[in-house]
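# Architecture at a glance
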Amino acid sequence: MSDPRAHARVLARDAIARGDVTGWFETLYAESERDGFRISWVDLGPNPHLVEWLRSRPAPPSGKALVVGCGYGDDAELLAAAGLDVTAFDIAPTAIARCHARFPDSTVGYEVADVLSPPPGWSRAFDFIFEAYTVQVLPGEARTACAQSIGGLVAPGGALLVVARSRRPEDPEGLMPWPLTRADLAAFAVPGVDLARLDEIVEPGDPPVPRFVAEFVRRR
Ligand SMILES: C[S@@+](CC[C@H](N)C(=O)[O-])C[C@H]1O[C@@H](n2cnc3c(N)ncnc32)[C@H](O)[C@@H]1O
């Protein structure tokens, strides 16, 4: 695979044209398993912003955590090692199978689930939620629905950490992964959930990558 991201963009474009906004993720993971190519977002390590969030806690975290669109499980394993009771899910069964294969003794509850229709028992159930790069791979109404759904899963007193590519509203929408505007980010703030911190950073690269690192809390 000469350009993994270009290949993902073709799969995304074709699935979305068929009206199936999430159908391409399983296709991509299954192809990667079969053909051995690297998926563009897979780096087999925890997200550095999650590492920093954990490091900056005044006390070790506790309670129930959820990792959205967990991919191959590195963020979930980091949170479990930190002492949290972790559920991690992805819409792609092949990704979840890979999590089980990589971490056979894990305490993480890995599940196949769709954030656009989460299990009813997850409503307001999680003390900490980590979302990295899922909303930005969904188009149109699905991205708003995804952010709102995630906001609805935060327990009273709980927190949600979001990491995403960002853009100014006047910038072009670009290609998948479609960066979030501040308006996209606001969709996480469902009733009772407020934005508590927003870092707008530019990660070095060619080209540099602007990102939001946002923390939301549910006060009630
Ligand atoms: C860009 S990847 C990011 C993966 C991981 N969070 C990371 O940071 O490496 C987006 C992930 O979200 C998953 N995903 C996409 N739509 C989803 C949905 N509706 N419900 C659950 N997972 C979804 C994809 O299968 C993929 O693993």
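Remember, predicted model here, so these are calculated numbers, not experimental data.

For the rest of this paragraph, the subject is the side chain of Glu77. With respect to the helices and strands, the residue Glu77 is situated in helix H4 (residues 74-81). It turns out Glu77 is buried and unbridged, and the closest side chain with the opposite charge, Arg102, is 8.0 Å from it. There is a polar contact of 2.5 Å between the side chain of Glu77 and the side chain of Tyr110. Residues in contact with Glu77, not counting those within four places in the same chain, are Phe103, Ser106, Val108 and Tyr110.

Turning next to the pairing of strand E5 (residues 154-165). Burial within E5 is extensive, with 9 of its 12 residues counted as buried. A crossover connection joins strand E4 (residues 126-132) to the parallel E5 through helix H6 (residues 140-151); in handedness this β-α-β unit is right-handed. As defined by bridge partners, E5 adjoins strand E7 (residues 209-218) across 7 bridges and the pair is classed as antiparallel. Bridging across to E7, Ala164 finds its partner in Phe212.

The subject of this paragraph is the packing of helix H3 (residues 48-55) against H4. Remark: H3 packs on H4, axes separated minimally by 10 Å, with the N-to-C direction vectors making an angle of 10°. With respect to their mutual orientation, H3 and H4 come out roughly parallel. Here H3 and H4 pass one another in a crossing that is right-handed. Residues Leu50, Val51 and Leu54 of H3 form the contact with H4, whose participating residues are Asp75, Leu78 and Leu79. The class makeup of the residues in the contact of H3 with H4 is 5 nonpolar, no polar and 1 charged.

This brings us to the packing of aromatic side chains. Per the stated rule, a full pass over the model turns up 9 aromatic pairs. An aromatic cluster of at least three residues, connected via ring pairs, comprises Trp24, Phe25, Tyr29, Trp41 and Tyr72. When the ring centre of Trp53 is taken as origin, the NZ or CZ atom of Arg57, which lies over that ring, is 4.0 Å away.

Moving on: H4. Counting buried positions over the 8 residues of H4 gives 6, a clear majority of the element. Every buried residue of H4 is accounted for by Asp74, Asp75, Ala76, Glu77, Leu79 and Ala80. Structurally, H4 contributes buried residues whose contacts are with H3, strand E1 (64-68), strand E2 (85-90), helix H5 (93-102), strand E3 (109-112) and E4. One or two steps after H4, the chain reaches Gly83, where phi turns positive at roughly 110°.

Further remarks concern the packing of helix H1 (residues 4-17) against helix H2 (residues 23-35). Interhelical geometry of H1 versus H2 gives an angle of 145° and a closest axis separation of 9 Å. In the packing of H1 onto H2, the handedness of the crossing is right-handed. On the side of H1, the interface is formed by His7, Ala8, Leu11, Ala12 and Ala15, while H2 contributes Trp24, Thr27, Leu28 and Glu31. For the contact of H1 with H2, the per-class residue count stands at 6 nonpolar, 2 polar and 1 charged.

On to the site of the ligand, then. Taken together, 17 residues lie near the ligand, and Tyr29, Gly69, Asp90, Asp114 and Val115 sit nearest. At 2.8 Å, a backbone N or O of Gly69 approaches a nitrogen atom of the ligand. Residue Ala132 places a main-chain N or O atom 2.9 Å away from a nitrogen atom belonging to the ligand. Elements represented by at least two residues in the shell around the ligand include exactly H2 and E2.

Here the amide bond leading from Met176 into Pro177 is cis, since omega sits at 5°, within 30 degrees of zero. Take Pro177: it is sitting in the loop between E5 and helix H7 (182-186). Even without a glycine there, the phi angle at Arg124 is positive, about 50°. Mapped onto the elements of the fold, Arg124 is located in the loop between E3 and E4.

Reading guide: rules and limits
Residues numbered from 1 in each chain as written. Predicted model: local features only at pLDDT ≥ 70, side-chain atom pairs only at ≥ 80, totals over all residues. Heavy atoms only, no water. Helix = DSSP H or I, 4+ residues; strand = E, 2+ residues; numbered from the N terminus. Buried < 20%, exposed > 50% of the residue type's maximum accessible area, 1.4 Å probe, protein only. Lys, Arg positive; Asp, Glu negative; His and termini not counted. Salt bridge = Lys/Arg side-chain N within 4 Å of Asp/Glu carboxyl O. Polar contact = N/O pair within 3.5 Å; in protein donor to acceptor, adjacent residues only side chain to side chain. Contact = heavy atoms within 4.5 Å. Right-handed = clockwise from strand over helix to strand, strands pointing away. Pairing = 2+ DSSP bridges. Axes fitted to C-alpha atoms, helices over the stretch in contact; angles between N-to-C directions. Parallel < 35°, antiparallel > 145°, perpendicular 65-115°, else oblique. Left-handed = near helix turned anticlockwise from the far one by under 90°. Nonpolar A, V, L, I, M, F, W, Y, C, P; charged D, E, K, R; others polar. Phe/Tyr/Trp six-rings, centres within 6.5 Å; stacked < 30°, edge-to-face > 60°. Lys NZ or Arg CZ within 6 Å of the ring centre and 35° of its normal. Near = heavy atom within 4 Å.

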